[in-house]
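# Fold and contact review
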There are 2 protein chains.
Amino acid sequence: MCQLLGMNCNVPTDICFSFEGFRRRGGETDHHADGWGIGFFEGAGCRLFLDWQSSCSSPIADLVRQYPIKSTNVISHIRKATVGQVSLANTHPFMRELWGRYWLFAHNGDLKSLPALRGNRFQPVGDTDSEHAFCWLMETLATAFPTQPDMPTLTQFLKLRMGELAERGTLNCLLSNGTVLIAHCATNLHYLVRQAPFGDAHLVDRDISIDFDALTGEHDRVAVIATQPLTDNEAWIRMQPGELLVFEDGQPRRI
Amino acid sequence: MCQLLGMNCNVPTDICFSFEGFRRRGGETDHHADGWGIGFFEGAGCRLFLDWQSSCSSPIADLVRQYPIKSTNVISHIRKATVGQVSLANTHPFMRELWGRYWLFAHNGDLKSLPALRGNRFQPVGDTDSEHAFCWLMETLATAFPTQPDMPTLTQFLKLRMGELAERGTLNCLLSNGTVLIAHCATNLHYLVRQAPFGDAHLVDRDISIDFDALTGEHDRVAVIATQPLTDNEAWIRMQPGELLVFEDGQPRRI
């Protein structure tokens, strides 16, 4: 299995603190050492860092830790290979373009069967169940809507499709188009929303604390989503099996 | 205008030396300071580093300079914005998936008009002429061939389509699917092939030399393509206007 990390905010925010804890699970505090990746949306643009090395020792992870990239939507993943070999092509998050927007997807869990891809518009490059599932989601969206529908229609449609995928195995996943971040929970996914009054946070995986009050504006709102809580002194909320949350401007909405 | 750098080899090779000279042109030895990017194919996988900062001072460029990523196909680009604002979405190389393969594209030159995109399968995310041209190339390929055709058919088709684009303006560009690297020259593109007997190379943009004889195997073959020669003691070949070369296993083929 793997671990997921997501962030969705109302103002561009860096993820350095959360990532410092998260990356330690890739080979140091946990055994997810078969590659990792992180994608940052910046406006319509997206940058994606991938490495097949473990995140606790990867030079690219050092860079991401030190270079405060400000983003409103971030998805990261550290991999413990179960389906598909260790390779760059099998490293999450996966990225595709649909409706003139980039989309990022990362998945934790195994799908025992996969829905057939009907066309050839979105095809997996690697051999994971996760990338296949992502291509299927993109294909169903592209088939149903020639352009991006309004947000309620989009998220309701994705809830149904993710529900179908979840019947085939374990689907903890994060999906983003740079505006919203959608989280589907099957077994393990937690989140919290940081907003005023901000306080101290202390990492689980490293003895590091941060005082968010000194670093944030009074209207900032940051949602962090992770397989397991990243801090030990904040109130993480455990998502329920089958639950889907849409995060927008740092706020979760259940649909 | 911008500057291009490409590499195609018969064995995975790092581009650290060439990149060290090239990156200096992004704000130090030349004025292409409006962002930069580099994409590396590793097997079917592809990693793409993008930054809107200038390549001479970007922390990501420092990483790429120091972390010897081995690849058989690399495309890099430093940007001097002419069409489209400075943003991550407008930073080359651009990436799309077609036929279950990633494709990378970078372009130097302005296109005065653009062919219409007929469908919505490949849509630009940013607002450059370059990304539009890339989407059009991908669309014409996807429309003509349901799966990847053989190499002669593919490259002949691309020569015709790139010829059509070149009638609309200036098209110096590099395109790769991870197997071949295709270079189209309109005004400025040079290349060389390094193979045994290897010798010394000295950068134009920094006083650094390298002895490739000490670092390479006797059967290694590395083609480097650049807008302007990167070294001052090697025999760079200037490509001709309208010329298209297909590089495979470090060897150029004119079609």
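Structure: see above.
Attention here is on the structure that accompanies the text.

All names here are of chain B. Here Val-11 shows up in strand β1 (residues 3-13). Each C-alpha atom, one on Val-11 and one on Gly-250, is 8.6 Å from the other, the two residues being 239 residues apart in sequence. Those residues in contact with Val-11 that lie beyond four places of it in its chain are Ser-71, Thr-72 and Asp-220.

Turning to the interface of chain A and chain B, a few remarks are in order. How big an interface is tends to be stated in terms of accessible area lost as the parts join. Of the residues lining the interface, 33 residues belong to chain A; the matching set on chain B comes to 32 residues. The contact between chain A and chain B buries some 2800 Å² in all, and 54% of this surface belongs to carbon and sulfur atoms. The largest share of the area that chain A buries against chain B comes from Glu-97, Arg-121 and Val-125 of chain A, three residues that together contribute 20% of it. Scanning the region where chain A abuts chain B turns up four salt bridges. Taking the shortest distance from any N to any O, the salt bridge between Arg-96 of chain A and Glu-97 of chain B comes out at 3.2 Å. Our count for the contact surface shared by chain A and chain B stands at 20 residue pairs in polar contact (both at pLDDT 80 or more). Mapped by element, the contributors of at least two residues to the side of chain A that touches chain B are β3 (45-51), α2 (59-66), β5 (94-98) and β6 (101-108) of chain A. A total of seven residues in the side of chain A that touches chain B trace back to one element, the largest contributor, which is β3 of chain A. Across the side of chain A that touches chain B, the residue classes tally to 20 nonpolar, five polar and eight charged.

What follows is about helix α4 (residues 151-166) of chain B. Residues and elements named next belong to chain B. Given a rise of 1.5 Å per residue, 16 residues ought to cover 22 Å, and the 22 Å separating the end C-alpha atoms of α4 matches this to within 8%. Every buried residue of α4 is listed here: Met-151, Leu-154, Thr-155, Phe-157, Leu-158, Arg-161, Met-162 and Leu-165. Projected down its long axis, α4 shows its buried positions confined to an angular sector of 160°, all on one face. Where the residues of α4 are buried, they touch β6 (101-108), α3 (129-144), β7 (172-176), β8 (181-184), β14 (244-248) and β15 (251-254).

Residues and elements named next belong to chain A. Two elements, strand β9 (residues 190-195) and strand β12 (residues 221-226), share six bridges in a ladder whose sense is antiparallel. The partner of Leu-192 across the bridge, within β12, is Val-224. With two bridges connecting them, β9 and strand β13 (residues 237-238) associate as antiparallel partners. Bridge pairing in β13 places His-190 opposite Arg-238.

Residues and elements named next belong to chain A. Strand order in the open sheet formed by seven strands is β3-β2-β4-β1-β12-β9-β13, with antiparallel pairing between adjacent strands. Among the strands making up the open sheet, the edge pair consists of β3 and β13. The strands that helix α1 (residues 16-24) touches are β1 (3-13), β2 (36-42), β4 (71-78), β9 and β12; relative to β1, the one it contacts most, it runs at about 175°. Each of β2 and β3 is contacted by α2, which is oriented at about 140° to β3, the strand it contacts most.

Residues and elements named next belong to chain B. Looking at the secondary structure, you find Thr-91 in the loop between β4 (71-78) and β5 (94-98). According to the relative accessible area criterion, Thr-91 is buried, its value standing at 2%. Looking at Thr-91, its side chain comes within polar contact range of the main-chain oxygen of Ser-87, at 2.8 Å.

All names here are of chain A. Counted by the stated rule, this structure contains 27 salt bridges over all chains. Among the ionic pairs, Asp-205 bridges to Arg-25, the shortest N-O distance being 2.8 Å. Taken together, the residues Asp-205 in the loop between β10 (200-202) and β11 (209-211) and Arg-25 in the loop between α1 and β2 connect sequence positions 180 residues apart. For Asp-205, a relative accessible area of 12% puts it in the buried group. Bridged by salt links that share partners, the residues Glu-20, Arg-23, Arg-24, Asp-62, Arg-65 and Arg-206 form one connected network.

Cut-offs and rules
Residues numbered from 1 in each chain as written. Chains lettered and ligands numbered in written order. Predicted model: local features only at pLDDT ≥ 70, side-chain atom pairs only at ≥ 80, totals over all residues. Heavy atoms only, no water. Helix = DSSP H or I, 4+ residues; strand = E, 2+ residues; numbered from the N terminus. Contact = heavy atoms within 4.5 Å. Buried area = accessible area lost by both parts, 1.4 Å probe. Salt bridge = Lys/Arg side-chain N within 4 Å of Asp/Glu carboxyl O. Polar contact = N/O pair within 3.5 Å; in protein donor to acceptor, adjacent residues only side chain to side chain. Nonpolar A, V, L, I, M, F, W, Y, C, P; charged D, E, K, R; others polar. Expected span 1.5 Å × (residues − 1). Buried < 20%, exposed > 50% of the residue type's maximum accessible area, 1.4 Å probe, protein only. Arc of directions from axis to C-beta. Pairing = 2+ DSSP bridges. Axes fitted to C-alpha atoms, helices over the stretch in contact; angles between N-to-C directions.

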